[in-house]
Amino acid sequence: MLKQEALKKKRLNKVGDFFMEYLVLMAIVALVIVTAIVEPRFLTANNFRNIMGQFGPLSFTALGMTFIILGGFIDLSLPGMISLIAMITLSLFDVIGEVPAMIFGMALGVFLGAFNGTLLVRVGATTQAKALFITFGMSQIYGAISQLITGGHPISRLFIEHPAPITQNLSSGTIGDIFGFSSFLDSIPITFIVFLFFLAILFIFQKKTVLGRSINYTGGNFLAAELGGIPTKRIMVMIYSICGFMVAIGAIAAFSRTPVAAPEIIGANYERDSIMAVVVGGTSLTGGRGNVLRTVLGVSLIILLSNCMNLMQINSHLQEVFRGAVLVTAIWLDHRRHANA
C-alpha cells in the first residue's frame, strides 16, 4: 500500500515538473488560440510582421540580462545606459557617419558594462542585493549625463543631414527589401534576423565554451565557484560587458523605431521588461540555471501579450496590471522551482 502511494506521488511530481518546465510554452499556445478566436485580426500577415518587428530593443536587452541573472546578479542601469548610448550615437551621425557612430555606440556599451562590472568587483558587491542598488545608482548617473550632453532636448533623425540607410532598414526594412524579391521572406523584418543572429552566437557561447559554462557555475554558488578555481571576478566583468554590448544593440534598435529620441523616455522600463522576460522564460532569478533560449520564450510571451491586449483595445493601465501579474507569477514559480530543486 505504501509502495503504491509512493509511486502515485512520484508520478504526480513528474506531472508537476513537466507542467512547470513547459508552462511558458503552454501559456503562449493558449494565448494564441484564445486571441485568434476573439480577435480575427491576430492571424493576419500584417500582424505577424508587426509581432516579429517587436523582437527589437526588448529582445536584445533581455538576451544581455540573461547572462547577468545567470551569473547571480542584476542590472538596473539599462534605462540610463540606453539613453546615453542612443543620444551619443545619434549625435555622432553627422560628425563621423552612421556606421562609425554605431560602432562607437557598441564600443561605448561594452565600456559602460565593463565599468559596471569592475565597480561591483572593486566595492565587493558580490551579491544580487548589492548589485541592485549600485546599478540603479549608475542608471541615474548615465541618464543625467545623457541629459547634460543633449541639454535635455530630444534628437530628431529627420534633421540628420547625412543619409542613414542602416537605421532606416532597422526601422521598417525586410529581407525582401534587401534582395529585391517578394515572397514569404518579404514579411520578415531585418531586426528579427539580427535578433536570431545574436541569439545563435550567445547560445553557442553559453553552451560550447568554458567561459559560458562558468557563468552558470558562478551564479549557482559564487563562493564554491571561486574556491573551485573559476575566475569569478573576471566573470562578473565579462557578463556586464556582454550585457552592455547587447544594450547598445538595443539602443540602436530603439532609436531606429522612432523619428525623435528623447533622453528621458527612450530607455524607460527596459530594465523591468528585460528582467521580466528572463524570469518568465524560466531562468532562475537566483542564478545558475537557465539559458538564452528560455529568454526567447519569455520575450515571445511578453510581446504576444502586448500585441493581444492592443488588438483587443484593453486600457493601457489595465495592461500594466496584467504585466505586473505576469512578473509576480513568474517570481513565485521561480521560487517554487528553486524550493523543489
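The structure reproduced in this document is the subject of the present report. Since this is a predicted model, take the numbers as computed values, not measurements.

### Here we look at the pattern of salt bridges
- Considering all chains together, one arrives at five salt bridges under this definition.
- Linking Lys233 and Glu226 is a salt bridge whose minimum nitrogen-to-oxygen distance equals 3.0 Å.
- What makes Lys233 partly exposed here is its relative accessible area of 39%.
- A salt bridge links Arg272 to Glu320; the nearest nitrogen and oxygen atoms lie 2.9 Å apart. Residue Arg272 is located in helix α14 (residues 270-281), and its partner Glu320 is located in helix α16 (residues 316-340); the two are separated by 48 residues in the primary sequence.
- The class for Arg272 is partly exposed, based on a relative accessible area of 28%.
- One network of salt bridges, in which partners are shared, links Arg272, Asp273, Glu320 and Arg323.

### A few points about empty space enclosed by the protein
- Under the counting rule described, the total for this entry stands at one cavity of 30 Å³ or more.
- As for the largest cavity, its lining consists of Met276, Leu301, Ile302, Leu305, Ser306, Arg323 and Val326.
- The leading source of residues in the lining of the largest cavity is helix α15 (residues 292-311), at four residues.

### Observations concerning a nonpolar patch on the surface
- A cluster of nonpolar side chains, contributed by Tyr22, Leu25, Met26, Val29, Ile33, Val34, Ile37, Val38 and Met312, occupies part of the molecular surface with about 810 Å² of accessible area.
- Take Tyr22: its relative accessible area is 41%, and that puts it in the partly exposed class.

Rules used throughout
- Residues numbered from 1 in each chain as written.
- Predicted model: local features only at pLDDT ≥ 70, side-chain atom pairs only at ≥ 80, totals over all residues.
- Heavy atoms only, no water.
- Salt bridge = Lys/Arg side-chain N within 4 Å of Asp/Glu carboxyl O.
- Buried < 20%, exposed > 50% of the residue type's maximum accessible area, 1.4 Å probe, protein only.
- Helix = DSSP H or I, 4+ residues; strand = E, 2+ residues; numbered from the N terminus.
- 1 Å grid on protein atoms, 1.4 Å probe; cavity = no way out; pocket = protein on both sides within 12 Å on 5 of 7 lines; lining within 4 Å.
- Points joined across faces, edges and corners; volume = space filled by probe spheres on them.
- Patch = residues over 30% accessible without salt bridge, like charges linked within 9 Å, V, L, I, M, F, W, Y side chains within 5 Å.
- Areas by Shrake-Rupley, 256 points an atom, 1.4 Å probe, with all protein chains shown as cover.

Any functional reading would require information beyond the geometric quantities listed.
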